[in-house]
Amino acid sequence: MKLSGKLLLPLVLLLLCGCSREISPVSALALDKTGDEYRLTAEIVRQDSLDDPASPAYLSASGRDLPALIQTLSNLLPGEMYLSHAQVLLLDESAAEESILPLADYLCTENDVRLSLRVAVVRGGAASELLRNDDEVYALSEMLDRAAQEGTLPDMPLYRAAELLHASGTAILPALHLDEYGQTAPAGTAVFANSQLSCFLDGSEIGGGAADA
């Protein structure tokens, strides 16, 4: 898959401005929690030339302070971290059981992320594992966009989830998993109460199925 014109334009502008430092576009983020530490994984877009297909590379950083992990990841990159084209934030169950508002607020207010950045909870596995499962850049966001349009998963970008969690502490987010064939697939919905993961609802339609605590 080739990079979209929306991503090529900032690259061209940087070249026209004479900026010598390259940028590192981030297409997706995955947050896992083990014990009292978080691990944030970034999917970085790599493209050697405008004629080459875009391919993903992955970098991870661990720590206890969620916003600080963004800076730690940035320090690992060869160029400036570019979050404006990030399209998906994945959370494993352990991370979702804690409040995601510190990271959501930081991403929405400090890094000029796109309003369409989607957030989803990964059931029964690591968010970083599901992120690495598909080697096609933006495949996850395309799947979530399609499911939202079809009504099989909630249309819940990060900014809207943050607004709902601040207002009432409740939100319903898409859930994903790796199916028996090792493919990324919808897995019902994740229900948040008091800004934390409360349970899952199974079933293909929004709000359908039985609760799975």
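As the structure is a prediction and not an experimental result, all values here were calculated from the model.

J.: Please explain the overall build of the protein chain as it appears in this structure.
T.: When helices and strands are counted, the protein chain shows seven helices and ten strands. By the burial criterion, 46% of the 213 residues in the protein chain qualify as buried. For the protein chain, the share of sequence-separated contacts (at least 6 apart) that also reach a separation of at least 24 residues comes to 62%.

J.: I'm lost on the packing of aromatic side chains in this one. Help?
T.: A ring pair, where both rings are aromatic, is described by two values, the distance of the centres and the angle of the planes. Summed over all chains, the structure comprises zero aromatic pairs. A cation sits over an aromatic face here: K33 above Y38, 5.6 Å from the ring centre. Above the ring of F200, the side-chain terminus of R123 is found at 4.1 Å from the ring centroid.

J.: Got a minute to help me understand the pairing of strand 8 (residues 184–193) in this structure?
T.: A regular strand carries its side chains on alternate faces of the sheet. Among the ten residues of strand 8, eight are classified as buried, and the element is accordingly described as predominantly covered. The pairing of strand 7 (residues 171–178) with strand 8 spans seven bridges and is classified as antiparallel. Within strand 8, the residue paired with L173 across the bridge is A190. Counting the residues that bridge the hairpin from strand 7 to strand 8 gives five residues, and of these G182 lies at a positive phi of roughly 75 degrees. Bridge count for strand 8 against strand 9 (residues 196–201) is five bridges, and the pairing is antiparallel. Within strand 9, the position partnered with A193 by the bridge is Q196. The antiparallel hairpin formed by strand 8 and strand 9 contains two residues in its connecting segment, where N194 sits at a positive phi of about 55 degrees.

J.: Got a minute to help me understand the pairing of strand 1 (residues 23–34) in this structure?
T.: With eleven of its twelve residues buried, strand 1 lies for the most part within the structure. As defined by bridge partners, strand 1 adjoins strand 4 (residues 80–82) across three bridges and the pair is classed as parallel. Looking across to strand 4, one finds that I23 is bridged to E80. Two elements, strand 1 and strand 2 (residues 37–46), share eight bridges in a ladder whose sense is antiparallel. Opposite V26, over in strand 2, you have I44 as the bridge partner. Where strand 1 folds back on strand 2, the antiparallel hairpin that results is connected by two residues, among which G35 adopts a positive phi of roughly 65 degrees.

J.: Even after reading the chapter, I still don't get the environment of F200, so can you show me in this structure?
T.: Position of F200 among the secondary structure elements: in strand 9. The spacing of F200 and A175 is 25 residues in sequence and 8.0 Å in space, taken between C-alpha atoms.

J.: Would you mind going over helix 7 (residues 158–167) with me for this structure?
T.: Quick reminder: α-helices carry 3.6 residues per turn. Residues three or four places apart thus point the same way. Along helix 7, the residues that are buried comprise L158, A161, A162 and L165. Mapping the buried residues of helix 7 onto a view down its axis gives an arc of 100 degrees, with all of them on the same face. In helix 7, the exposed positions angled more than 90 degrees off the buried face are occupied by E163 and A167. Of the residues flanking the end of helix 7, it is G169, one or two places downstream, whose phi is positive at about 80 degrees.

J.: Help me out: how do you make sense of helix 6 (residues 139–150) in this one?
T.: Over its twelve residues, helix 6 extends 17 Å from the first C-alpha to the last, a length consistent with the 16 Å expected when each residue adds 1.5 Å. Along helix 6, the residues that are buried comprise A139, L140, S141, M143, L144, A147 and A148. Looking at the buried side of helix 6, the elements it contacts are strand 5 (88–92), strand 6 (118–122), helix 5 (127–131), strand 7 and strand 8. Looking one or two residues beyond helix 6, the residue adopting positive phi is G151, at roughly 80 degrees.

The rules behind each value
- Residues numbered from 1 in each chain as written.
- Predicted model: local features only at pLDDT ≥ 70, side-chain atom pairs only at ≥ 80, totals over all residues.
- Heavy atoms only, no water.
- Helix = DSSP H or I, 4+ residues; strand = E, 2+ residues; numbered from the N terminus.
- Buried < 20%, exposed > 50% of the residue type's maximum accessible area, 1.4 Å probe, protein only.
- Contact = heavy atoms within 4.5 Å.
- Phe/Tyr/Trp six-rings, centres within 6.5 Å; stacked < 30°, edge-to-face > 60°.
- Lys NZ or Arg CZ within 6 Å of the ring centre and 35° of its normal.
- Pairing = 2+ DSSP bridges.
- Arc of directions from axis to C-beta.
- Expected span 1.5 Å × (residues − 1).

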